[in-house]
Amino acid sequence: MSKKIQSALISVFYKDGLENILQLLAQNGVTIYSTGGTQTFIEKLGVKVVPVEDLTTYPSILGGRVKTLHPSVFGGILGKRDDDTHVQEMKQYNIPEIDLVIVDLYPFEETVASTTAEKSIIEKIDIGGPSMIRGAAKNFKDVVVIAAKKDYAELEKLLKEQKAETTLEQRKSFAAKAFEVVAHYDVAIAKYFNPSESLYFLESIPSPKTMRYGENPHQLGVFYGDLSKLFEQLNGKELSYNNLVDVDAAMQLIKEFNDTTFAIIKHTNVCGVAQRSTVKESWDAALAGDPESAFGGVLVCNGTIDKGTAEAINEILFEVLIAPAFDTEALATLKSKKNRILLQLKAQPVAKEQYKSVLNGVLKQGIDEGNYSEPIAIGWKETGGRESATNEKEDLIFANLICKHLKSNAIALVKNKQLIGKGCGQTSRIDSLRQAVEKAKQFNFDLTGAVMASDAFFPFNDCVKLGHEAGITAFIQPGGSIRDNDSIEYCKENNLAMVITGLRHFKH
């Protein structure tokens, strides 16, 4: 059913983008009601406006907290035009019909992001705005509601092309958007008041982007979030669902390191990582760790990509390269493939929680954070036949960090701050170790003097035995098994170093 807009209530925090709409409303003979700063803005444009106070017979009171909360306003929004009782009561109390409501909300999230002053934050909790939006959306049969600036263009088009007339379908579409706007706003407020514990799973992330597909071509995929806050895309096709999952894994790994580090990610697991004095040397060592698995991977570095590194990287097929900076000549080389995705890092993700949908609900947990830059930070406890040497310590810390980012059961073999063998995603820890040793042998690494990290405790001493036989001289693990002593005693008998951290890193 088509309806013509004859009256409008406008009350917005941000006025930009409103001028054309106001002029079109005036041209179509629409009566405009407003209050406060919006009223002043409209008057300055030379557009006739009726103060809301003329409807309510009350001024704005309590420092502006109460302006529109009145039956004369909400009756005009909520009154059903096809209900004789509603129509009669509106006439009885001189309540005008309101056909269009344009309201945006106080910038609560922006205020929380910019200050910790509770008084300022509380004053940005909008009361009248959400109420008017909900009322107009509920009464979509008769009322058009615009709850976000991004919908101004669509309204402007309707006012131009349909001469201020709207269809029921259009009004219902605006209402659906409006309810989402209010829901997001309420979630932000609830999360502010309940930062750690809540009766409900509360999360609202705007900016949906439909992916080409999900994990597989027959699955739908959508990403909610604003990647432009984290990256500037310098080249390549759109990031896919699987790209994003691997990019996330890459970012989680690289943020662990301060010294120059290069890593290669494949299906969320790190398959090559090394730390050297230059970016080029780090790349060469990371690739050498498993050049086979690097094919089609996601690459990440915490240093500037120079021309020499770019030329070396350009020799292999990869999906994504992430770095904080690129030299001009390096970019020219890397852009030679138009689909190759190049991301310049602007900021690290700051999420403190992660979620996973399971069964008929959602699991929520804190991010696995741990500062491994110093042994003391992880409860370093030497329990083996000797204390780990300085070079072993450095490798143990490096290996433990890598192991944290491998799928369980996880084993990482490291030598000279280079991953030379890894096993992950196996159903037994000893199988992960066998996989790691085989990988090292496949690419001709000498395991003599290497170290081993495990994401969880050794249930038996078979892992330290097999590791020792392969040439490993130092181990790091969280401990916690009722048979910890079996592995410890083996290390003591064979003069091997073993560090127990007390911190497990399962990853499923």
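One can find the structure itself at the top, above this paragraph.
### Here's the deal with the overall build of the chain
- Counting its regular elements, the chain contains 18 helices and 23 strands.
- In terms of overall dimensions, the chain is more spread out than a globule: its C-alpha atoms have a radius of gyration of 31 Å, far above the 23 Å expected for 508 residues.
- By its C-alpha atoms, the chain is 95 × 50 × 40 Å across when sized along the principal axes.
- By the burial criterion, 47% of the 508 residues in the chain qualify as buried.
- Within the chain, residue pairs in contact and separated by at least 24 positions form 56% of the contacts whose partners lie at least 6 positions apart.
- Counting only carbon and sulfur atoms, one obtains 51% of the accessible surface of the chain, whose full area is about 25300 Å².
- Separation of charge centres in the chain, based on 58 positive and 65 negative side chains, amounts to 3 Å.

### Quick look at the pairing of strand β17 (residues 361-366)
- Pairing of strand β16 (residues 353-358) with β17, which is carried by six bridges, proceeds in the antiparallel orientation. From the neighbouring strand, E353 faces β17, where its bridge partner is G366.
- Two successive antiparallel strands, β16 and β17, enclose a turn made up of two residues, where L359 displays a positive phi of approximately 50 degrees.

### Structural notes on the sheet that holds strand β5 (residues 100-103)
- Spatially, β4-β3-β2-β5-β6 is the arrangement adopted by the five strands of the open sheet, whose pairing is parallel. Across the chains shown, the open sheet's two edge strands, defined by having one partner strand only, are β4 (50-51) and β6 (144-146).
- One ladder, built from three bridges, connects β5 with β6; its direction is parallel. Paired with L100 across the strands is V144, a residue of β6.

### Let's talk about the nonpolar core
- Ranked by internal contacts, the top residues of the largest apolar core, which has 52 residues, are I10, L25, L100 and I102.
- Counting residues per element, this core draws most heavily on helix α10 (residues 168-193), which supplies seven residues.
- Sequence-distant contacts of I102, that is, excluding residues within four places in its chain, are made with L9, I10, S11, V12, L18, I21, I146, Y152 and L155.
- In terms of nonpolar packing, the next biggest core, distinct from the first, is built from 42 residues, F231, A263, I341 and L419 among them.

### Some points on a nonpolar patch on the surface
- Together, F201, Y355 and V362 give the surface a local cluster of nonpolar side chains, amounting to about 260 Å² of exposed area.
- The residue V362 is located in strand β17 in this model.
- A residue is classified by how much of its surface remains accessible, and V362, at 40% relative accessible area, is partly exposed.

### A closer look at helix α5 (residues 84-92)
- The N-cap residue of α5 is D83: its side-chain oxygen and the backbone nitrogen of T85 are 2.9 Å apart.
- Of the residues flanking the end of α5, it is N94, one or two places downstream, whose phi is positive at about 55 degrees.

### Focus: the pairing of strand β23 (residues 497-500)
- The alternating pattern of β23 places A497 and V499 on one face and M498 and I500 on the opposite face, and all of these are buried.
- Pairing of strand β18 (residues 381-382) with β23, which is carried by two bridges, proceeds in the antiparallel orientation. Paired with K381 across the two strands is I500, which belongs to β23.
- Pairing geometry for strand β22 (residues 474-477) and β23, over four bridges, is parallel. Considered in β23, the bridge of Q477 is made with I500.
- Handedness of the β-α-β unit built from β22, helix α18 (residues 484-493) and β23 comes out right-handed.

### Concerning the pattern of salt bridges
- A complete count under the given rule lists 22 salt bridges for this structure.
- One salt bridge in this structure joins D142 and K3, with 3.5 Å as the shortest N-O distance. Of the two residues, D142 sits in the loop between α8 (128-138) and β6 while K3 sits in strand β1 (residues 3-4), which places them 139 residues apart along the sequence.
- Among the charged side chains, a salt-bridge network with shared partners connects R81, E97 and D99.

### Digging into a negative patch on the surface
- Taken together, the side chains of E311, E315, D327 and E329 define an acidic patch exposed on the protein surface.
- Topologically, D327 is positioned in the loop between β14 (318-323) and α14 (328-334).
- Residue D327 is classed as partly exposed on the basis of its relative accessible area, which comes to 34%.

### Section: the packing of aromatic side chains
- In total, this model carries nine aromatic pairs according to the counting rule given.
- Centroid distance F13 to Y106: 6.1 Å. Interplanar angle 65 degrees. Geometry classified as edge-to-face. Placement of F13 in the loop between β2 (7-11) and α1 (19-27) and of Y106 in the loop between β5 and α6 (108-114) is noted, with a sequence separation of 93 residues between them.
- What makes F13 partly exposed here is its relative accessible area of 34%.
- Through a chain of ring-to-ring contacts, three or more aromatic side chains come together here, namely F108, Y185, Y192 and F193.
- Sitting above the plane of the Y14 ring, K149 keeps its charged end 5.8 Å from the centroid.

Scoring rules and cut-offs
Residues numbered from 1 in each chain as written. Predicted model: local features only at pLDDT ≥ 70, side-chain atom pairs only at ≥ 80, totals over all residues. Heavy atoms only, no water. Helix = DSSP H or I, 4+ residues; strand = E, 2+ residues; numbered from the N terminus. Rg over C-alpha atoms; globule rule 2.2 N^0.38 Å. Buried < 20%, exposed > 50% of the residue type's maximum accessible area, 1.4 Å probe, protein only. Contact = heavy atoms within 4.5 Å. Areas by Shrake-Rupley, 256 points an atom, 1.4 Å probe, with all protein chains shown as cover. Lys, Arg positive; Asp, Glu negative; His and termini not counted. Charge placed at Lys NZ, Arg CZ, Asp CG, Glu CD. Pairing = 2+ DSSP bridges. Core = buried A, V, L, I, M, F, W, Y, C linked by side-chain atoms within 4.5 Å. Patch = residues over 30% accessible without salt bridge, like charges linked within 9 Å, V, L, I, M, F, W, Y side chains within 5 Å. Salt bridge = Lys/Arg side-chain N within 4 Å of Asp/Glu carboxyl O. Polar contact = N/O pair within 3.5 Å; in protein donor to acceptor, adjacent residues only side chain to side chain. Right-handed = clockwise from strand over helix to strand, strands pointing away. Phe/Tyr/Trp six-rings, centres within 6.5 Å; stacked < 30°, edge-to-face > 60°. Lys NZ or Arg CZ within 6 Å of the ring centre and 35° of its normal.

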